[in-house]
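Architecture at a glance
Chain residues, written in single-letter form:
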Amino acid sequence: MPELLDVVHGCLPARERLARHVVDINPNCPFCDRIDETVQHLLIDCDISKSIWLAINPNIAGLGSGVNIFEWIASWFITGGSSADFNKELVKFASFTLWHIWKFRCSVVFDTAPLNISNVVSLTNQSVHECLSSNNHLTLSNHTNARVGMHIAWIRPPESFTKVNFDASFSKDSKLMGTGLIVVDDAGNWKAAGCIPRVAQGAEKAEAQAALEGIKWTVQNQVAHLQLEGDCANVVNAINSKQGSMKWTTNSIIYDCRNFFNNFNKWECYYVPRKMNEVADLLAKDAGMNSNPWLYFLISGKLDVPQ
């Protein structure tokens, strides 16, 4: 990220720096409008920035509180010892947080954007998630130029979030579909798994229906923070209100999905490759071959099978 290098070299055009060379520039921080905007204040010390750090990762927020930003960034790249793995995670979260705080600041200054902290937090978490997913896609080349697929790991949801992976199977001949759901908490503990047979008009509509089934389950079980993952890019993009090639016949299901999101304090929806969605995929195929729906879930550590 160029902005991270600019921070290290002290080159970010913060207002306090610009005011020393250009007349008629208000040096105040565009977030709080009380203290001169230095790099240190903007990215670390401002109350708005502190709220962003705390919402993204309380542990990292504690590490960054009251430190010199230049010395802190330099400490990220100390290698070796037991802290090496932790530093890798720190760099991912902290660098994306710094980047999005700066982008947020530029939106406030140049586009008069409102101070929407939750939006910054959501964009930062999305960037981290996409980075982790992208890294898991990497392939290695051996000396004969053959492509060797790397292991693709499942990613645990953020703190306080419940993750629902969904997938659908569909038969063109019978029009039968199956929904597969797998639900875990923020510690990675399995909470529920389900197979739900239905009828659909197409594969894309089946995927949208599977997403809706997962959302409905979390609403019924009073989940406050939802992270939804599926391997159909069109459906995920439509749920996130991004442009795509979604068929108009699927729009009503997407509309229902988005209406249900009003029941959550926070929600996120991400595309993942099939390799990261294998369990839901297997459950969906099983549902497509069976006429009886089932949903297993844990209550107080005991397996419960609804009738």
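Only a predicted model underlies this, so the values are computations on that prediction, with no experimental measurement involved. One numbering rule holds for all chains: residues counted from 1, following each sequence as written. With pLDDT at 70 or above as the cut-off, local features in this predicted model cover only qualifying residues; side-chain atom pairs require 80 or more to be listed or tallied, and sums for whole chains, interfaces and linings still use all residues. No hydrogens and no water enter the side-chain calculation; it runs on all heavy atoms of the structure.

A closer look at the overall build of the chain
Applied cut-off: Helix numbering and strand numbering both begin at the N terminus, where a helix is a DSSP run of H or I of at least 4 residues and a strand a DSSP run of E of at least 2. Note on contacts: a residue pair is in contact if any heavy atoms of the two residues lie within 4.5 Å. For the area figures, the Shrake-Rupley method with a 1.4 Å probe applies, and any residue is considered shielded solely by the protein chains shown.
Broken down by element type, the chain carries 12 helices and 9 strands. Long-range pairs, those at least 24 residues apart, make up 62% of the contacts in the chain with a sequence separation of at least 6. Carbon together with sulfur atoms contributes 54% to the accessible area of the chain, which is approximately 16,700 Å² in total.

Remarks on the packing of aromatic side chains
Spelled out, the test is: Aromatic pairs are defined between Phe, Tyr and Trp rings, using the six-membered ring for Trp, whenever the two ring centres lie within 6.5 Å; interplanar angles under 30 degrees are classed as stacked, those over 60 as edge-to-face, and all others as tilted. Under the scheme applied here, a residue whose accessible area is under 20% of the maximum for its type counts as buried, over 50% as exposed, and between as partly exposed, the area being computed with a 1.4 Å probe on protein chains only. In this scheme, Lys NZ or Arg CZ marks a charge over a ring once it lies within 6 Å of the ring centre and within 35 degrees of the ring normal.
In total, this model carries 5 aromatic pairs according to the counting rule given. On the basis of an interplanar angle of 65° and a centroid distance of 5.5 Å, the ring pair of Trp-53 and Trp-72 is categorised as edge-to-face. Remark: Trp-72 occurs in helix H6 (residues 69–76) and Trp-53 occurs in helix H4 (residues 47–56); sequence separation between them is 19 residues. Per residue, the accessibility class of Trp-53 equals that of Trp-72, and both read buried. Ring centres of Phe-261 and Phe-264 lie 6.2 Å apart, and the angle between their planes is 50°; this geometry places the pair in the tilted category. Of the two residues, Phe-261 and Phe-264, both sit in the buried class. A connected cluster of aromatic rings, assembled from ring pairs, spans Phe-261, Phe-264 and Trp-267. Sitting above the plane of the Trp-99 ring, Lys-103 keeps its charged end 4.6 Å from the centroid.

Describing unusual backbone geometry
Its identity as a non-glycine residue notwithstanding, Asp-24 has a phi of 65°, on the positive side. Following the sequence through the fold, Asp-24 ends up in the loop between helix H2 (15–19) and helix H3 (39–45).

Points about the pattern of salt bridges
Inclusion rule: The salt bridge criterion pairs a side-chain nitrogen of Lys or Arg with a carboxyl oxygen of Asp or Glu, the two atoms within 4 Å.
Tallying each qualifying case throughout the model produces 10 salt bridges. Here Arg-105 and Glu-37 are joined by a salt bridge, their closest N and O atoms 2.7 Å apart. Within this pair, whereas Arg-105 is found in helix H7 (residues 84–111), its partner Glu-37 is found in the loop between H2 and H3, the two being separated by 68 residues in sequence. Across this residue pair, the class does not change: Arg-105 and Glu-37 are buried. For Arg-198, the salt bridge goes to Glu-213, with nearest N and O atoms at 3.1 Å. With Arg-198 in strand E5 (residues 190–199) and Glu-213 in helix H9 (residues 203–220), this residue pair connects regions lying 15 residues apart in the sequence. Look at Arg-198 and you get partly exposed, because its relative accessible area is 36%.

Here's the deal with the environment of Lys-216
Here Lys-216 lies in helix H9. The exposure class assigned to Lys-216 is partly exposed, which follows from its relative accessible area of 30%. For the pair Lys-216 and Asp-256, spaced 40 residues apart in sequence, the C-alpha to C-alpha distance is 9.9 Å.

Topic: the environment of Ser-169
Here is the rule: Whenever a nitrogen or oxygen atom comes within 3.5 Å of another N or O atom, the pair is scored as a polar contact, on the condition that within protein one atom can donate a hydrogen and the other can accept it, and that pairs from neighbouring residues in sequence are kept only if both atoms are in side chains.
Inspection of the secondary structure puts Ser-169 in strand E3 (residues 162–170). The class for Ser-169 is buried, based on a relative accessible area of 16%. Measuring from C-alpha to C-alpha, the distance between Ser-169 and Gly-202 comes to 10.0 Å, with 33 residues separating the pair along the chain. Beyond its immediate stretch of four places on either side in the chain, Ser-169 contacts Leu-176, Met-177, Gly-178, Ala-206, Ala-284, Lys-285 and Gly-288. A polar contact of 2.8 Å, which involves the side chain of Ser-169, links it to the backbone oxygen of Ala-284.

A short note on the packing of H9 against helix H11 (residues 251–260)
We count it as follows: Simply put, an axis is a line fit to the C-alpha atoms, just over the touching stretch for a helix, and the angle between two N-to-C directions goes from 0 to 180 degrees. Relative orientations are named as follows: roughly parallel for angles under 35 degrees, roughly antiparallel for angles over 145 degrees, roughly perpendicular for angles from 65 to 115 degrees, and oblique for any other angle. Should the near helix be turned anticlockwise from the far one by less than a right angle, the crossing is termed left-handed; should it be turned clockwise, right-handed. Residues are sorted three ways: Asp, Glu, Lys and Arg are charged, Ala, Val, Leu, Ile, Met, Phe, Trp, Tyr, Cys and Pro are nonpolar, and all the rest, Gly among them, are polar.
Taken N-terminus to C-terminus, the directions of H9 and H11 make an angle of 20°; their axes are 9 Å apart at the nearest point. As judged from the angle between their axes, H9 and H11 are roughly parallel. H9 and H11 meet at a crossing whose hand is left-handed. Between H9 and H11, the contacting residues are Lys-205, Ala-208, Gln-209, Ala-211, Leu-212, Ile-215, Lys-216 and Val-219 on the first element and Ile-253, Ile-254, Asp-256, Cys-257 and Phe-260 on the second. Taken together, the residues of the contact of H9 with H11 sort by class into 9 nonpolar, 1 polar and 3 charged.

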